[in-house]
Amino acid sequence: MISCHNGVFTLKTKNTCYLFFRRPSGHLEHFHYGEIIDTDGPDALMQKNEFLPGNAITYSKEDSRLNLENLCLEMSSLGKGDIREPFIGVTLEDGSESLDFLYDHHEIYQGKNDYEGLPSSYGLTDEVETLVVTLKDRNSDLKLELFYHVYETVDVITRSSRLINCSDSSVILKRLLSAQIDFPHHHYSMVTFHGAWAREMEKTVQPCQSGKLVNSTLAGVSSNRANPFFMISGRETTEEHGDCYGFNLVYSGNHYSVAEVSPYGKLRVAAGMNPERFSMNLGPGEAFQSPEAVMSYSKEGFTGLSHQMHDFVRRHIVRGQWQWKQRPVLFNSWEASYFKISEKKLSGLAKKAKAVGIELFVLDDGWFGERKNDESSLGDWHVNKKKLPGGLRGLSEKINALGMDFGIWVEPEMVNEDSECYRRHPEWAVRIPEKHHSEGRNQMILDLSRQEVQEYVIDAMRKVFSSGNIRYVKWDMNRIFSDHFSPARFSASGEMDQGSFSYRYILGLYRILETLVAEFPHILFEGCASGGNRFDLGILSYMPQIWASDNTDAISRLSIQEGYSYGYPLSVIGAHVSDCPNHQTLRNVPEKTRYHVACYGLLGYECNLEDASKERLKEIKEEIREYKKWRGVYQFGDFYRIPHPDVKSWMVVDKEKKRAVGSIFQTLMKANRPDLIFRGKGLIPDETYHFYNIPITHNVKTFGSLINTASPVHIRDGSLTQDLIAKFYRLEGEKEDCRIRGSVICHRGVSLKQAFIGTGFNEHVRLFQDFSSRTYYMEAD
């Protein structure tokens with residue numbers, strides 16, 4: 001609900017409200033964002049000023065007590081005394097950069113309009129309400145529109161801005177952010193998610209004390225170095241209690257967010273496109289629209305904020321046929337074969353995949369051009385008939401005949417120097433002519449800011465997607481930008497306009513995706529960029545899921561997937577079970593742990609099924625059968641990170657709170673720690689739940705020579721005798737099975753069977769070694 005009374009704008013959601021005030025000077029003073037409050041007017045909330053501090057700027061002689069540097073504002077600019085992080089920056093025709101945007105008028109309407117060229121959130125007319133506040137610069141013919149979109153039921157407000165040049169001369173736009181909130185105090189922490197390839201989403205907490213904290217990237221993509229999602233939380237906020245604000249950006253390029261503490265103790269939080277390496281010439285009558293920023297507040301800690309963000313992404317970002325459709329269990333060929341593929345090998349893998357219950361078979365890199373390694377053929381999107389004599393159509397028909405869907409990998413934004421595409425069109429590569437270019441993964445980026453390149457990619461992909469019964473596409477992008485340059489980038493006046501290249505590249509990408517997704521609505525698209533190098537709401541507006549990381553090591557994935565979970569639902573996070581030793585870490589992790597971790601995402605398998613033993617294939621078949629029973633809960637339930645001093649603990653509960661799954665994950669075992677309590681979240685207190693596990697069995701080799709304390713004959717560790725016993729005999733694991741109230745599970749917890757401590761073992765002892773896991777199921781009676 002949006003209203004304006006006595007100059008106070010009130011934006012209300014189910015549990016939050018956002019207030020700002022049109023001051024007599026025309027400036028917009030921010031009042032409040034948080035729990036719902038009621039106010040009859042601005043008097044109790046507006047900042048009181050009588051005398052300015054020394055060394056401060058007076059806004060005007062008419063308003064001599066107004067110092068913009070010490071005022072909470074909805075937007076800001078330089079030149080009138082506010083020297084904090086500016087919201088907008090423009091160089092005018094005369095070279096000056098002082099701006100003074102003041103209130104002109106506003107409009108409130110039900111629904112939301114799309115942003116031209118940019119993806120944004122969406123909703124039915126009764127699900128979203130819009131406020132547009134129009135400001136005019138006091139000294140030039142520039143108009144600034146501030147957009148506020150209120151999604152009441154999910155407690156989310158989104159913001160964006162649009163600058164319109166109403167003058168008769170060109171100006172240079174140097175920055176235009178999407179959201180700004182000024183808090184009256186700085187007793188918060190900024191929570192960001194940094195990392196690198198194979199180390200995505202490492203949570204970092206920094207107190208806001210003085211100066212600036214910045215979360216940004218210049219990689220040309222949203223990047224694994226700094227995800228655009230971040231939080232501002234109270235210093236004492238926990239998973240369940242305390243103030244927590246979440247912010248994200250519906251954009252896939254260079255982004256920038258900042259938390260700045262002013263000399264007066266106020267905190268400015270701002271987010272949007274990165275102003276570094278950005279500028280754009282705006283001619284008379286031209287406009288620029290910033291990407292949409294997403295904001296949410298919860299008083300119920302990180303978990304409350306996460307649930308609101310998850311619901312928003314599922315309901316108002318992800319769209320199309322796959323929005324609420326359960327995702328298939330897939331097999332990906334990459335780690336089984338890398339570039340060494342053949343139709344015979346793929347057919348063998350497919351038969352094994354079908355036998356264990358796989359629903360979607362995905363052919364990864366290596367199927368096109370003369371692709372033998374990563375040094376050639378990107379850009380040449382025609383099938384290699386030596387590897388696939390029947391082409392994609394023939395292979396897809398074989399896969400379909402087995403009862404599985406077929407999918408492929410593509411990397412359409414890239415080109416190798418050793419390719420037909422580059423030899424025909426070297427000018428299409430993003431590089432500075434006649435200068436040395438620094439490559440990544442032996443490849444260059446196609447200049448998607450050029451319409452003819454966009455058309456080439458659309459046409460090439462259209463042919464690929466129509467060349468067989470393709471139901472899934474993994475869209476990869478395996479490098480970041482080095483040069484930010486296009487020979488085709490000229491302004492209307494004929495001047496070079498390189499400052500807008502990165503932005504126009506992203507617009508070109510969005511046009512390509514918009515076209516292809518509309519033409520192939522049945523295809524399940526999965527975004528990928530060396531894993532999580534472009535994991536953002538912009539991509540999720542076209543592709544309902546993203547490959548979270550090229551690192552499939554389950555222990556690494558605990559922190560990676562948990563990092564994503566703060567701002568993104570499990571239904572968009574790709575997660576696979578792979579072989580051990582793991583190909584990224586060479587770590588050995590138990591099979592069940594690899595499976596249990598991958599369940600908290602979109603389950604897939606990326607291992608060599610042809611080399612797997614009969615026992616391992618049987619295990620995989622049982623895992624997939626079990627997962628399918630609980631798939632809806634995992635993918636669309638409410639996810640909980642459960643704090644525990646000794647283990648990592650996760651839980652997901654369906655929306656009806658009738659079914660739930662919880663898991664505990666061991667990293668390094670501590671000696672003589674027999675007791676462990678599983679505590680849940682989100683269940684109905686008075687409901688009785690059947691709490692149980694699926695017991696596992698243990699290989700006698702696990703005990704080494706210790707087995708001789710119980711064996712009637714001596715068994716030498718590593719002997720053929722031990723191998724023979726292990727082949728035919730396994731030790732029974734512990735069983736958990738009880739009926740218990742939801743209040744007990746959530747407030748006290750279930751005491752699990754004793755862990756192995758070195759003094760004895762039987763079927764009632766929980767063998768919980770390094771990297772072990774357990775999963776428990778809860779079903780209401």
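What counts and what doesn't
- Residues numbered from 1 in each chain as written.
- Predicted model: local features only at pLDDT ≥ 70, side-chain atom pairs only at ≥ 80, totals over all residues.
- Heavy atoms only, no water.
- Helix = DSSP H or I, 4+ residues; strand = E, 2+ residues; numbered from the N terminus.
- Rg over C-alpha atoms; globule rule 2.2 N^0.38 Å.
- Buried < 20%, exposed > 50% of the residue type's maximum accessible area, 1.4 Å probe, protein only.
- Pairing = 2+ DSSP bridges.
- Axes fitted to C-alpha atoms, helices over the stretch in contact; angles between N-to-C directions.
- Contact = heavy atoms within 4.5 Å.
- 1 Å grid on protein atoms, 1.4 Å probe; cavity = no way out; pocket = protein on both sides within 12 Å on 5 of 7 lines; lining within 4 Å.
- Points joined across faces, edges and corners; volume = space filled by probe spheres on them.
- Nonpolar A, V, L, I, M, F, W, Y, C, P; charged D, E, K, R; others polar.
- Right-handed = clockwise from strand over helix to strand, strands pointing away.
- Salt bridge = Lys/Arg side-chain N within 4 Å of Asp/Glu carboxyl O.
- Parallel < 35°, antiparallel > 145°, perpendicular 65-115°, else oblique.
- Left-handed = near helix turned anticlockwise from the far one by under 90°.
- Phe/Tyr/Trp six-rings, centres within 6.5 Å; stacked < 30°, edge-to-face > 60°.
- Core = buried A, V, L, I, M, F, W, Y, C linked by side-chain atoms within 4.5 Å.
- Expected span 1.5 Å × (residues − 1).
- Bend = angle between axes of the 7 residues up to and from the residue.
- Polar contact = N/O pair within 3.5 Å; in protein donor to acceptor, adjacent residues only side chain to side chain.
- Patch = residues over 30% accessible without salt bridge, like charges linked within 9 Å, V, L, I, M, F, W, Y side chains within 5 Å.
- Areas by Shrake-Rupley, 256 points an atom, 1.4 Å probe, with all protein chains shown as cover.
- Disulfide = S-S within 2.5 Å.

1. A short note on the overall build of the protein chain
Part 1: Looking only at helices and strands, the protein chain features 13 helices and 40 strands.
Part 2: Computed over the C-alpha atoms, the radius of gyration of the protein chain is 28 Å, within 12% of the 28 Å expected from 2.2 N^0.38 for a compact globule of 781 residues.
Part 3: Its C-alpha atoms give the protein chain principal-axis dimensions of roughly 100 × 65 × 45 Å.
Part 4: Within the span of the protein chain, comprising 781 residues, buried residues form 61% of the whole.

2. So, the sheet that holds strand S3 (residues 16-22)
Part 1: In spatial order, the strands read S1-S2-S3-S4; together these four strands make up an open sheet with antiparallel pairing. Strand pairing shows two members of the sheet lacking a second neighbour, strand S1 (2-5) and strand S4 (28-35), which therefore form its edges. Going from strand to strand, the sheet's axes swing by 15° on average, the running direction of each strand aside.

3. Looking at the sheet that holds strand S28 (residues 545-547)
Part 1: Taken in spatial order, the eight strands close into a barrel running S21-S22-S23-S26-S27-S28-S29-S30, and their pairing is parallel. Averaged over all pairs of adjacent strands, the angle between their axes in this sheet comes to 30°, without regard to strand direction.
Part 2: As judged from the two bridges shared by strand S21 (residues 330-332) and strand S30 (residues 602-606), these two strands associate in the parallel manner. Bridge assignment links Leu-330 to a residue of S30, and that residue is Gly-604.
Part 3: Across the sheet, helix H6 (residues 451-465) touches strand S23 (405-410), strand S26 (470-475) and strand S27 (524-527), and the angle it forms with S26 is around 140°.
Part 4: Across the sheet, helix H10 (residues 591-599) is in contact with strand S29 (573-578) and S30; its angle to S29 comes to roughly 170°.

4. Looking at the layout of surface pockets
Part 1: Here the largest pocket defines a volume of roughly 1,400 Å³.
Part 2: Lining the largest pocket are 41 residues, and of these Glu-591, Lys-592, Glu-619, Thr-697 and Arg-730 lie nearest its centre.
Part 3: Put simply, the parts of the chain that give the lining of the largest pocket at least two residues each are H10, helix H11 (614-636), strand S36 (697-699), helix H12 (720-728) and strand S40 (773-780).
Part 4: For the lining of the largest pocket, a count of residues per class yields 12 nonpolar, 12 polar and 17 charged.

5. Some details on the pairing of S30
Part 1: Within S30, five of the five residues are buried, leaving the element largely enclosed by the surrounding structure.
Part 2: Alternating residues of S30 divide into Leu-602, Gly-604 and Glu-606 and Leu-603 and Tyr-605, and every residue in both groups is buried.
Part 3: Taken together, S29, H10 and S30 form a β-α-β motif whose crossover is right-handed.

6. Quick word on the pattern of salt bridges
Part 1: Taken as a whole and judged by the stated rule, the model has 45 salt bridges.
Part 2: Two residues, Glu-145 and Arg-162, come together in a salt bridge whose shortest N-O distance is 2.9 Å. Of this pair, Glu-145 sits in strand S8 (residues 142-151) while Arg-162 is found in strand S9 (residues 156-165), placing the two residues 17 residues apart along the sequence.
Part 3: In this structure, the salt-bridge partner of Arg-511 is Glu-455, at a minimum N-O distance of 2.4 Å. Highlighted residues: Arg-511 in helix H7 (residues 501-519) and Glu-455 in helix H6, separated in sequence by 56 residues.
Part 4: Accessibility expressed as a relative area gives 31% for Arg-511, which makes it partly exposed.
Part 5: Three or more residues joined by partner-sharing salt bridges are found here, namely Asp-82, Arg-84, Asp-182 and Arg-268.

7. A short note on the packing of helix H9 (residues 554-565) against H10
Part 1: Two elements in contact, H9 and H10, have axes separated by 9 Å at closest approach and are oriented at 20°. By the angle between their directions, the pair H9 and H10 is classed as roughly parallel. Like other packed secondary-structure pairs, H9 and H10 cross with a definite hand, here left-handed. The residues of H10 that touch H9, namely those facing Ala-554, Arg-557, Leu-558 and Gln-561, are Thr-593, Arg-594 and Val-597.
Part 2: Grouping the amino acids of the contact of H9 with H10 by side-chain chemistry returns three nonpolar, two polar and two charged.

8. Structural notes on the packing of aromatic side chains
Part 1: Evaluated as defined, the whole model comprises 55 aromatic pairs.
Part 2: Summarising the aromatic geometry, the rings of Phe-9 and Phe-20 are spaced 4.7 Å apart at their centres and angled 15° between planes, so their arrangement reads as stacked. Of the two residues, Phe-9 is situated in strand S2 (residues 8-12) and Phe-20 in strand S3; the sequence distance between them amounts to 11 residues. The exposure classification of Phe-9 matches that of Phe-20, with both residues buried.
Part 3: On the numbers, 4.9 Å between centres and 75° between planes, the contact of Phe-535 with Tyr-568 is edge-to-face. Of this pair, Phe-535 sits in the loop between S27 and helix H8 (537-540) while Tyr-568 sits in the loop between H9 and S29; the two residues are 33 residues apart in sequence, bridging distant segments of the chain.

9. Re the nonpolar core
Part 1: The biggest cluster of nonpolar side chains holds 189 residues, and the ones touching the most others in it are Ile-88, Trp-367, Trp-475 and Tyr-605.
Part 2: By size, the runner-up hydrophobic cluster in this structure holds 20 residues, among which are Met-651, Val-653, Ile-740 and Met-778.

10. Things to note about H11
Part 1: The terminal C-alpha atoms of H11 lie 33 Å apart, and with 23 residues this matches the ideal 33 Å at 1.5 Å per residue to within 8%.
Part 2: Its axis deflected by about 65° at Trp-630, H11 carries its strongest bend there.

11. What about the environment of Gln-769?
Part 1: In this fold, Gln-769 is placed in the loop between strand S39 (750-751) and S40.
Part 2: Considering only alpha carbons, one finds Gln-769 and Leu-668, 101 residues apart in sequence, at a separation of 7.4 Å.
Part 3: Sequence-distant contacts of Gln-769, that is, excluding residues within four places in its chain, are made with Gln-666, Met-669 and Thr-702.

12. What about the side chain of Ser-347?
Part 1: Counting through the fold element by element, Ser-347 comes out in helix H3 (residues 343-356).
Part 2: From its side chain, Ser-347 meets the backbone oxygen of Glu-343 in a polar contact 2.8 Å long.

13. Concerning the side chain of Ser-257
Part 1: Relative to the helices and strands, Ser-257 resides in strand S16 (residues 255-261).
Part 2: The class of Ser-257 is buried, set by a relative accessible area of 3%.
Part 3: Every residue in contact with Ser-257, bar those within four places of it in the chain, is listed here: Met-190, Leu-213, Val-214, Asn-215, Phe-230, Ala-270 and Ala-271.

14. Some words on the packing of H6 against H7
Part 1: Relative orientation of the contacting elements H6 and H7 amounts to 30°, with a least axis distance of 10 Å. Taken together, the axis directions place H6 and H7 in an arrangement best described as roughly parallel. Both H6 and H7 take part in a crossing whose hand is right-handed. Facing Gln-451, Gln-454, Glu-455, Val-457, Ile-458, Met-461, Arg-462 and Phe-465 of H6, the residues of H7 in contact are Gly-508, Arg-511, Ile-512, Thr-515, Leu-516 and Glu-519.
Part 2: Its residues placed into classes, the contact of H6 with H7 shows six nonpolar, four polar and four charged.

15. Some thoughts on a nonpolar patch on the surface
Part 1: Residues Leu-724, Phe-728 and Tyr-729 make up a contiguous nonpolar surface patch of roughly 390 Å² in combined accessible area.
Part 2: Here Tyr-729 lies in the loop between H12 and strand S37 (730-732).
Part 3: By relative accessible area, Tyr-729 is classed as partly exposed at 48%.

16. Examining the state of the cysteines
Part 1: Here the structure, examined in full by the defined rule, presents zero disulfides.
Part 2: Among the cysteines around Cys-746, which has no disulfide bond, Cys-738 carries the closest sulfur, lying 13 Å off.

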